Amino acid sequence: MKSLFIIILSITPFLINSQTKYPTNYFSNPLQIPLILNGNFGESRSNHFHSGIDIKTKFKEGFKVISAAEGYVSRIKVSHGGFGKAIYINHPNGYTTVYAHLKKFNNSIEKFVKRFQYKKQSYEVDLYLKSDDLKILNNEIIGFSGNTGSSSGPHLHFETRKTSSQKAINPLLFGIEIKDTRRPTVNSLYLYKKDKSGYISEPSKVVLSKINDSTFTTEKIKLNSLVSFGLSGFDRQDLANNKNGIYEISTFLDGNLINLMSFDSFFFEESIKINTLIDYSYYIKNKERILKLFIEEENDLSIYSKKNNGFVDVTQRTSIYKIKASDIKGNYITIDIPLVYDKTIKKITTNSQNISYSKLIDNNLKYDFNFKNSSINIPKNTFLKNRKIKIEHFNDTLKIINPYIAVYKNIKIKFKNPNSNKGNYLAVKDHEGNESFASSKLNPLNYFELKTKKTGLYYIINDSISPMIKPIKFKNGDWVSDEKYLKFKITDKESGIKKYKGKINGKWMLFEYEYKKNQISYEFDSNYLSKSKNEVEIEIEDMAGNSFIKTYTFYRDN
Ligand SMILES: [Zn+2]
């Protein structure tokens, strides 16, 4: 009995402080430069939470990327978008580290990847490795930082995950040191009211007044309904002014904890549920993300350690609602909001939502809409609650409209191809008027098919313009003996590039595609068989099936 008691005592601190759950001197800095972040774990991005930290690389590429600890390469993924070139390393302590947007891998990894790329004849590969394929030593250089994939500037995206579940964990919980003595900043505070029927009002701005660096307050808020709040804000570290996400927010009523959310970890499957945390319709209208401090039924995120619906009732008394926003180093600000009951305040009225969204979608049902030339299948739980949406097919356009609600599951769309013209495809236009490619995949019944989370206007258009190829830094018939690369610009006016292929002297060669630069490039390596006169053939195809082939001659003396 006594020994059991000791065990309980000794594990208790781990339950109280989440930061002690993770080994804090196991992983080292993955770069040999001071760590400055332009992205935090958990911060809000479009339809997802950011799953790692973004480390700045002085606006340059090519910094040595060092394994954070010993282990083995468990996965290598190369993709045009997403993480670009990425390495996953499994460590013996049960965690995985991920290094993304790399410019290049180290020689042994590069060789390993190329073997599969040539075998598959594809730049894009996703390889899962065995523990003895590529062992990694502590502090080994695994590659070089870059800007590949969906990256908007040179940086290293670094992640830590629990290997068994692939759950993303905040890398800063592993003791990686970032100098930070600055407090989070709250840009704007918003009030939400809820009536007896459950209707929640639109947010209204509450003015903040500063008492000192860490303490803010507001005017008295008079109310006679349930209320809660939302805020937008950011956190900055010492060495840069980048606006990163706030680590932790807690709320209190008269000193009692209501809610506590902290970005310690999350599963990738829950990432899209970010749209249940932010005020999604406000974001669509105003491009500002308000983090709601109340929790609606559809929000089942695992970021909360105390979870309450977050609306407070202060009828018949005066109370203080407190918000505390903290960074991972414990720097914080508080906002005190005095709430006063006042029965003369007008009740909120459930304003009838925009009547143009006329079709009620019951969240517990699935729907099949069939029109003359199109059909839509909406699975159960697509919007996570009952929602109103406009659905019709009129004038050759399929309308699925309500831009202010988030879509959590794929909607299936079929749309009849009206004629056999080459280059037809299904396009979608969003509520801001941006048109984009949706599908060119035809089923045997001559319908374009698509699974999507995008609502808007769907219609058929035609792209008859072939993609274009232009050599970079050389002309047909040139000597290129001094060049390290053979590069081409590839562009497409309408539907966009679907695939490309490069051959030298009839053999498939690895051309890397950087969509942000509209560029494909081959780096002369051992796959190139030296000949003085060479022919390079580039073939590209757009999404609508238009293709273009061009052959160039080049000379090289090595
Ligand atoms: Zn990132």
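About the thresholds
- Residues numbered from 1 in each chain as written.
- Predicted model: local features only at pLDDT ≥ 70, side-chain atom pairs only at ≥ 80, totals over all residues.
- Helix = DSSP H or I, 4+ residues; strand = E, 2+ residues; numbered from the N terminus.
- Buried ≥ 20, exposed ≤ 12 C-beta atoms within 10 Å, placed from the backbone.
- Contact = placed C-beta atoms within 7 Å.
- Pairing = 2+ DSSP bridges.
- pLDDT = per-residue confidence, 0-100.
- Axes fitted to C-alpha atoms, helices over the stretch in contact; angles between N-to-C directions.
- Expected span 1.5 Å × (residues − 1).
- Core = buried A, V, L, I, M, F, W, Y, C linked by C-beta atoms within 7 Å.
- Domains from an automatic or database assignment.

1. Structural notes on the overall build of the protein chain
Tallying secondary structure elements over the protein chain gives 4 helices and 46 strands in all. Across its three principal axes, the protein chain shows a C-alpha extent of roughly 90 × 65 × 50 Å. Per-residue burial over the protein chain gives 33% buried out of 558 residues. Within the protein chain, residue pairs in contact and separated by at least 24 positions form 68% of the contacts whose partners lie at least 6 positions apart.

2. Observations concerning the pairing of strand β45 (residues 533–542)
Direction of pairing for strand β41 (residues 497–504) relative to β45: antiparallel, over a ladder of 7 bridges. Paired with Tyr-500 across the two strands is Ile-540, which belongs to β45. Relative to strand β46 (residues 547–555), β45 runs antiparallel, the two being bridged by 9 bridges. The residue of β46 that forms the bridge with Ile-540 is Phe-548.

3. Points about the confidence of the model for the protein chain
Taken residue by residue, the protein chain gives an average pLDDT of 92. The fraction at 70 or more is 95%. The low-confidence segment residues 1–19, where pLDDT is below 50, has 5 contacts with residues more than four positions distant or belonging to other chains.

4. Some remarks on the environment of Asp-126
Positionally, Asp-126 belongs in strand β10 (residues 125–128). For Asp-126, a count of 11 C-beta atoms within 10 Å puts it in the exposed group. Taking the C-alpha atoms as reference points, Asp-126 and Leu-31, separated by 95 residues in sequence, lie 24 Å from one another.

5. Examining the sheet that holds strand β35 (residues 435–439)
Reading across from one edge, β28-β31-β32-β37-β34-β35 is the order of the 6 strands in this open sheet, with antiparallel pairing throughout. The open sheet has two free edges, formed respectively by β28 (359–361) and β35, since each of these has just one partner strand. Ignoring which end each strand starts from, the neighbouring axes of this sheet average 35° apart.

6. Remarks on helix α2 (residues 107–120)
If you check α2, its first and last C-alpha atoms are 20 Å apart, about what 14 residues at 1.5 Å a residue would give, namely 20 Å. In the stretch just after α2, Gln-121 is the one whose phi turns positive, near 50°.

7. Remarks on the sheet that holds β41
With mixed pairing, 5 strands are arranged side by side in an open sheet as β39-β46-β45-β41-β42. If you trace the sheet from one side to the other, it starts and ends with β39 (478–479) and β42 (507–509), each paired once.

8. A word on the nonpolar core
Formed by 71 residues in total, the largest nonpolar core has its most connected members in Val-73, Ala-86, Ile-87, Tyr-99 and Ile-109. Two domains each donate at least three residues to this core, and these are domain 1 (18–174) and domain 2 (185–341). With near-sequence residues (within four places) excluded, Tyr-99 lies in contact with Pro-30, Val-65, Ala-86, Ile-87, Ile-142, Gly-143, Leu-156 and Phe-158. Formed by 17 residues, the second largest nonpolar core is a distinct cluster that contains Ile-389, Ile-400, Phe-415 and Tyr-425.

9. A few points about the domain arrangement of the protein chain
Here the protein chain is partitioned into domain 1 (18–174), domain 2 (185–341), domain 3 (359–462) and domain 4 (468–555). Each of domain 1 and domain 3 was reduced to a C-alpha centroid, and the two centroids are 36 Å apart.

10. Topic: unusual backbone geometry
Look at Asp-396: it is not a glycine, yet its phi comes out positive at around 65°. Take Asp-396: it is sitting in the loop between β31 (387–394) and β32 (397–401). Among the residues examined, Asp-396 registers 13 C-beta atoms within 10 Å and is labelled partly exposed. Unusually for a residue other than glycine, Asn-446 sits at a positive phi of about 70°.

11. So, the environment of Phe-266
As for its position among the elements, Phe-266 is in strand β23 (residues 265–266). C-alpha separation for the pair Phe-266 and Leu-360, spaced 94 residues apart in sequence, amounts to 32 Å. Residues in contact with Phe-266, not counting those within four places in the same chain, are Phe-49, Ala-168, Ser-271, Ser-302 and Ile-303.

12. Some points on the environment of Ile-461
Mapped onto the fold, Ile-461 is located in strand β37 (residues 456–462). Here Ile-461 falls in the partly exposed class, since 15 other C-beta atoms lie within 10 Å of it. For Ile-461 and Asn-424, which are 37 residues apart along the polypeptide, the C-alpha to C-alpha distance reads 5.6 Å. With sequence-adjacent residues up to four places away left out, Ile-461 is seen in contact with Tyr-425 and Ala-427.

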